[in-house]
Amino acid sequence: QHTPRDVESQEGTDEHIDAKKIALKAALLMGIGTLMVSIFSDPMVDVITDLGEKMRVKAFFVSFIVTPFCSNASELISSLMFASGKKRANASLTFSQLYGAATMNNTLCLGIFFILVFARNLTWSFSAETMTIFTVTIIVGLVA
């Protein structure tokens, strides 16, 4: 017969095994994702550069305007589809998702810029752009 203590210890073991499986699967998927990014990032940069040249758009605008739209297209489409339900809860969740994505992307990009400039002792010539990103991020954070 099993006592309540035996059942509790068996449940804890099952949860521990499940946590290990989840962590292993997460690490495996992160590794696969990292490998895919490593393989496809250079060709993607070439495609984006060619796109900018064919559109006769400066590389700066392609980097700061076109690329974020491309990288967030799936989020934007899923948010629009979710918001098409026309329920108040759906709209609220959609705005939360978009606020979170914008804040995360801007914070990440701003952090990468700061690290690159500091680590490589680069000349800083993006003050207006950086202040715009920083200001929008702060405003969105306060509103949300």
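Each value, and the rule that gives it
Residues numbered from 1 in each chain as written. Predicted model: local features only at pLDDT ≥ 70, side-chain atom pairs only at ≥ 80, totals over all residues. Heavy atoms only, no water. Patch = residues over 30% accessible without salt bridge, like charges linked within 9 Å, V, L, I, M, F, W, Y side chains within 5 Å. Areas by Shrake-Rupley, 256 points an atom, 1.4 Å probe, with all protein chains shown as cover. Salt bridge = Lys/Arg side-chain N within 4 Å of Asp/Glu carboxyl O. Helix = DSSP H or I, 4+ residues; strand = E, 2+ residues; numbered from the N terminus. Expected span 1.5 Å × (residues − 1). Buried < 20%, exposed > 50% of the residue type's maximum accessible area, 1.4 Å probe, protein only. Arc of directions from axis to C-beta. Contact = heavy atoms within 4.5 Å. Lys, Arg positive; Asp, Glu negative; His and termini not counted. Charge placed at Lys NZ, Arg CZ, Asp CG, Glu CD.

(A) Up close: a nonpolar patch on the surface. Side chains of Leu28, Leu29, Ile32, Leu35, Met36, Ile39 and Phe40 sit close together on the surface and give an oily, nonpolar patch of about 720 Å² of accessible area. By secondary structure assignment, the location of Ile39 is in helix H1 (residues 4–55).

(B) Representation of helix H5 (residues 127–143) in the model. The end-to-end C-alpha separation of H5 is 24 Å, in line with the 24 Å expected for 17 residues at 1.5 Å each. Buried within H5 are the following residues: Thr130, Ile133, Thr137 and Val140. All buried residues of H5 project into a common sector of 105° when viewed along the axis, lining one side. For H5, exposure combined with an orientation more than 90 degrees from the buried face picks out Ala128, Leu142 and Val143. Buried residues along H5 sit against helix H2 (59–71) and helix H4 (88–120).

(C) Highlighting a negative patch on the surface. Together, Asp42, Asp46, Asp50 and Glu53 line one region of the surface with negative charge. Considering the arrangement of structural elements, one finds Asp42 in helix H1.

(D) Structural context of the environment of Trp124. With respect to the secondary-structure elements, Trp124 resides in the loop between H4 and H5. Its relative accessible area of 28% is what places Trp124 among the partly exposed residues. Here the alpha-carbon distance between Trp124 and Phe114, two residues ten residues apart in the chain, equals 9.5 Å. Among all residues touching Trp124, those that are not within four sequence positions of it are Phe113, Phe114, Val117 and Thr130.

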